[in-house]
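# Residue-level structure breakdown
Each chain, letter by letter, is given below.
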Amino acid sequence: MTRKRRPKRRLKGKAVLFFLMLLLLVGAAVCLICGWIFMELGTDAERTITTVISNSENSYGTSETISSSKPPVEAVTAEAKTLSLEVGESTVVSVSVEPKTVENPKLVYSSDNEAVASVDQTGEIVGIAPGTAKISVTAEDNEAATAQITVTVCEKEGGSKPESGNTSSNEGSAELTYIDGILIVNKTYALPEDYAPGVDPTAKAAFDEMAADAAEEGLNLYISSGYRSYEYQAGLYDRYVARDGQEVADTYSARPGHSEHQTGLAFDLNTISMDFAETAEGIWVTEHCHEYGFIIRYPSGKEDVTGYQYEPWHIRYLGVETATAVWESGLCLEEYLNITSVYAEE
Ligand SMILES: [Zn+2]
């Protein structure tokens, strides 16, 4: 009996040992596999976290605008879908937004063809050259809320020029004032209500040459507001007075008949904003516009003389010789000609 049992016990002992080693091996293998899986999971988890973070960063900008106190604009509607303008003519199309509860909605205006029709951020559309352009009005906080206006610009029919003699038969309160051959318009000197020359072709050609030279340096210059009629200026000024009061409006907007834009010799360039002075385009215009016959009409530091705040975007055509002389003098046009700019009733 004992003889038979011994080998059995040895066999049992070996089996147990074998089983333990197998367990150890399997355990190690499981550990290895688990470790590998864990590492893979770890990497995946990290990847997921990175994606989540970058996603939230991407959406942050938009969600911030949307979650501001103002409700977003859901729809933008333009009163007119099509519009015809003569070269030099300008207009503002009424735009409404939904919901109506949005006060002072931020709208962004753009033209797909600035060479044909330009638009500024007040919504003023100006005919520049014959052709067709699409003007878009889009809510700043919702790109889906947008309206389009197709503008057809045609050649101007007739229109009086200062040289044409029409101007001698001025009706209304004012007559054209030339000082040293320069047509003067400011708070002291007004234009007749019926003076409607459109954009001056010489000034426009000078601008085109300037814009082409600027483009060669990688700069984009465009006219955002050119010729404005007496009637248009009256509407514009009234809106500004209603918004800011007359005293404030008078610092940045001309009363009808007192706007240089009515001469067709003044252009507002690019963005009508103080920031324009700091852009590469603004810096270039300040330094070079006299070479093309323009001056920055309302310079910084001359507010009390010109009667207007600094307008880095507003240039006035004088011809190369006069503009260069004014530029070199360091004076504003009122100082250069020794004239005032004050409304009569003040
Ligand atoms: Zn202007």
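Scoring rules and cut-offs
- Residues numbered from 1 in each chain as written.
- Predicted model: local features only at pLDDT ≥ 70, side-chain atom pairs only at ≥ 80, totals over all residues.
- Helix = DSSP H or I, 4+ residues; strand = E, 2+ residues; numbered from the N terminus.
- Buried ≥ 20, exposed ≤ 12 C-beta atoms within 10 Å, placed from the backbone.
- Pairing = 2+ DSSP bridges.
- Axes fitted to C-alpha atoms, helices over the stretch in contact; angles between N-to-C directions.
- Core = buried A, V, L, I, M, F, W, Y, C linked by C-beta atoms within 7 Å.
- Domains from an automatic or database assignment.
- Contact = placed C-beta atoms within 7 Å.
- Arc of directions from axis to C-beta.
- pLDDT = per-residue confidence, 0-100.
- Expected span 1.5 Å × (residues − 1).

The next point concerns the overall build of the protein chain. Check the secondary structure of the protein chain and you find 8 helices and 15 strands. When each of the 346 residues of the protein chain is scored for burial, the buried share is 32%.

The next thing to look at is the sheet that holds strand β6 (residues 117-119). If you trace the 3 strands from one edge of the open sheet to the other, you get β3-β7-β6, paired in antiparallel fashion. What marks the edges here is a single partner per strand, and that holds for β3 (90-92) and β6. Taken over all neighbouring pairs, the strand axes of this sheet differ in orientation by 20 degrees on average, direction set aside. Inspection of the sheet shows β3 paired to strand β7 (residues 124-127) by 3 bridges, in the antiparallel sense. Within β7, the residue paired with V92 across the bridge is E124.

We now examine the sheet that holds strand β8 (residues 131-139). The strands that make up a sheet pair up through hydrogen bonds in the backbone, lying either parallel or antiparallel. Read from one edge to the other, the open sheet built from 4 strands follows the order β2-β9-β8-β5, with strand pairing classed as mixed. Across the chains shown, the open sheet's two edge strands, defined by having one partner strand only, are β2 (82-86) and β5 (107-111). When the angles between neighbouring strand axes are averaged without regard to direction, this sheet yields 25 degrees.

Moving on: the nonpolar core. Among the nonpolar cores identified, the biggest contains 58 residues, and A117, I135, I295 and I315 are the most heavily contacted of them. Taken together, domain 2 (75-154) and domain 3 (176-337) each give at least three residues to this core, which thus spans both. The contacts of I135, once residues within four sequence positions are left out, are Y109, S111, A117, V119, I125, Q148, I149 and V151.

Cis rather than trans, the peptide bond between E98 and P99 has omega equal to -5 degrees. Position of P99 relative to the elements: it lies in the loop between β4 (95-98) and β5. Of note, D180 is a non-glycine position whose phi angle comes to about 50 degrees, a positive value. Residue placement: D180 occurs in the loop between β10 (178-179) and β11 (182-183). According to the C-beta neighbour criterion, D180 is exposed, with 9 such atoms within 10 Å. Phi is positive for N270, close to 50 degrees, though the residue is something other than glycine.

When helix α7 (residues 320-329) is considered as a whole, its buried residues turn out to be A323, V326 and W327. Projected down its long axis, α7 shows its buried positions confined to an angular sector of 100 degrees, all on one face. Opposite the buried face of α7, at more than 90 degrees from it, the exposed residues are E321, E328 and S329. Considering only its buried residues, α7 is in contact with β14 (294-296) and α8 (333-337). A positive backbone phi angle near 75 degrees is found at G330, which sits one or two residues after α7.

Relative to the helices and strands, Y195 is located in the loop between β11 and α2 (201-216). Considering only alpha carbons, one finds Y195 and L176, 19 residues apart in sequence, at a separation of 8.7 Å.

What follows is about the confidence of the model for the protein chain. Within the protein chain, residue pLDDT values average 80, and 74% of them lie at 70 or more. Note that residues 33-68 has pLDDT below 50 and, in this model, 3 contacts with residues that lie over four places away or in other chains. Ignoring residues within four places in sequence, the model shows residues 158-172, a span with pLDDT below 50, making 21 contacts including any to other chains.

On to the pairing of β7. Residues E124 and V126 line one face of β7 and the alternating positions I125 and G127 line the opposite face, and both faces are buried. As paired elements, β6 and β7 share 3 bridges and run antiparallel to each other. Bridge pairing in β7 links S118 to V126. With antiparallel pairing between neighbouring strands as the criterion, β6 and β7 make up a hairpin whose turn holds 4 residues, including G123 at a positive phi of roughly 90 degrees.

Taking 1.5 Å per residue, 16 residues should reach 22 Å; α2 reaches 23 Å between its end C-alpha atoms and fits that length. Its buried side turned inward, α2 meets β12 (223-225), β13 (266-269), α5 (280-288), β14 and β15 (314-317). G218 lies just past α2 and shows a positive phi near 80 degrees.

Along the chain, the position of L331 falls in the loop between α7 and α8. The exposure class of L331 is partly exposed, given the 17 C-beta atoms found within 10 Å. Discounting residues that sit within four places of it in the chain, L331 has contacts with V326 and Y336.

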